[in-house]
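# Breakdown of the fold
Here's the letter readout for the chains.
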Amino acid sequence: MALSILRARFPLIFESQGFRWLWLAILVSKLGDWMGFVALNLYVFNLTGSATALAGVLAVQAMPSLLIGPVAGVIVDRFSRRKVMIIANFVAALAFALLPLTTSLWQIYILALLTRSTATFFDPARRSLIPDLVGKGKALVANAAISVIMHMTLIVGPALAGILIAASGAALTFWVNAATFLIANIFIARITGEMPRTQLGDQAAPGWLADLKTGLRYAFNNKALRVVLLTTFVSSIAGATLMTIEVVYITKTLNGGDKGYALMLSVAGIGALIGSTNIARLSRRFSLTGLYVT
C-alpha cells in the first residue's frame, strides 16, 4: 500500500532510474545523518554536562555553511556532482567512525566541523544533479519527493538513535551512521544521466575566483535572493539556540533522558512530513513566495 501511495504521489521515482538511485542514496544517508545528529548532541552533553560545550558543537557545525558554502558551489559547478557526493560521503563516514575514539572536546569539534563541511559540498551537488536526471520542469516535484524522505528519516532516525544509545551507547550509533554513508555511495555510483559540466567551447574557462565573485555579486544584487539568504541566516541562529535548549530541557529538566530527546525530534518529523507531502499540490494553488513566507 505504501508503495502504491508513493507511486501515485511521486511517479518520478519509478520513471527515472537515475533519480531513483539518488532518492535511495539520500534515504539511507539522511537516516544516518539524523542518527548521528542525535548521538553527537547527547554524546557531548553527557560527556561534559555543559550546555556551553553543546552550543560550541552546534556553532562549529554552522561555520562551513558561512565559510565554505560559496567555494563549494564553485567546485560543484566545475566537477562531476556524483564524484563530489561520493568523496563527501567517504570523508563523512571516516569522521563519524573516528568520533567514538575521541578523548577530548577539541577533537570532537574538529570531527564535527569535518562532517558539516562534507554536507556543505554534498547538498549543492545533490540539488544541481536533480535537473540533469528529471529535467528542469520536474525539479520541483523531484525535490518534493526528496523532502518527503528527508522528513521521514527525521521521524525514524532519532527514534533509532535513542534505541541504540540506550542499548549500546553513542559509539554504535556513530558507526552505524558511518556505514549509511558507504551504502549511499553504492547507490550514487549507479546513477546515470548526469550532464557534463558547462563548456565554453574555445574560450578559456573563468578562474575560480571569478566564478566566486560572479556568484556573490548575483546573490547581493538580487533582492529576492538577499531576503532568502537573510531569513535563512536568522532562522539558523534561532534553530541552533533552540537545539541547545531542547537537549538540556528535555533530558534534565523534564527528566526525559536520551530517549525523550530522540522522541521529540521524531514527533517534529511528523509535521515536516505533512508539509513536504503536500508542497507540490500547494504550489499549484499558491505562489512559491507566499508558501515561503507562510
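These figures come from a predicted structure and were not determined experimentally.

Conventions used here
Residues numbered from 1 in each chain as written. Predicted model: local features only at pLDDT ≥ 70, side-chain atom pairs only at ≥ 80, totals over all residues. Heavy atoms only, no water. Helix = DSSP H or I, 4+ residues; strand = E, 2+ residues; numbered from the N terminus. Buried < 20%, exposed > 50% of the residue type's maximum accessible area, 1.4 Å probe, protein only. Polar contact = N/O pair within 3.5 Å; in protein donor to acceptor, adjacent residues only side chain to side chain. Contact = heavy atoms within 4.5 Å. pLDDT = per-residue confidence, 0-100. Patch = residues over 30% accessible without salt bridge, like charges linked within 9 Å, V, L, I, M, F, W, Y side chains within 5 Å. Areas by Shrake-Rupley, 256 points an atom, 1.4 Å probe, with all protein chains shown as cover. Salt bridge = Lys/Arg side-chain N within 4 Å of Asp/Glu carboxyl O.

Turning our eyes to something else, we now look at unusual backbone geometry. Residues apart from glycine generally show negative phi values, whereas peptide bonds are mostly found in trans. Located in the positive-phi region is Asn 255, a residue other than glycine, with phi close to 55 degrees. Within the secondary structure layout, Asn 255 lies in the loop between helix H11 (223-253) and helix H12 (257-285). We classify Asn 255 as exposed; its relative accessible area is 66%.

Here Thr 102 is to be found in the loop between helix H6 (81-98) and helix H7 (105-134). A polar side-chain atom of Thr 102 sits 2.7 Å from the main-chain carbonyl oxygen of Leu 99. Beyond its immediate chain neighbours, meaning those up to four positions away, Thr 102 contacts Tyr 43, Gln 107, Ile 108 and Leu 111.

On average, residues of the protein chain carry a pLDDT of 80, and 84% of them reach 70 or more. Residue range residues 199-204 is modelled with pLDDT below 50. Its contacts to residues more than four positions away, or to other chains, number 2 contacts.

Let's shift gears to a nonpolar patch on the surface. A grouping of Leu 94, Leu 98, Leu 101, Leu 172 and Trp 175 is seen on the molecular surface, where their side chains present a nonpolar patch of about 470 Å² in accessible area. Secondary structure elements with two or more residues in the nonpolar patch: H6 and helix H9 (170-189). Tracing the backbone through its elements, the reader meets Leu 101 in the loop between H6 and H7.

On to the pattern of salt bridges, then. Counted by the stated rule, this structure contains 4 salt bridges. A salt bridge links Asp 132 to Arg 81; the shortest N-O distance between them is 2.4 Å. Note that Asp 132 is positioned in helix H7 and Arg 81 in helix H6, a separation of 51 residues in sequence. According to the relative accessible area criterion, Arg 81 is buried, its value standing at 7%. Here Arg 126 makes a salt bridge to Asp 123, at a shortest N to O gap of 3.8 Å. Highlighted residues: Arg 126 and Asp 123, both in helix H7, separated by 3 residues, approximately one helical turn. Among the residues examined, Arg 126 registers a relative accessible area of 7% and is labelled buried.

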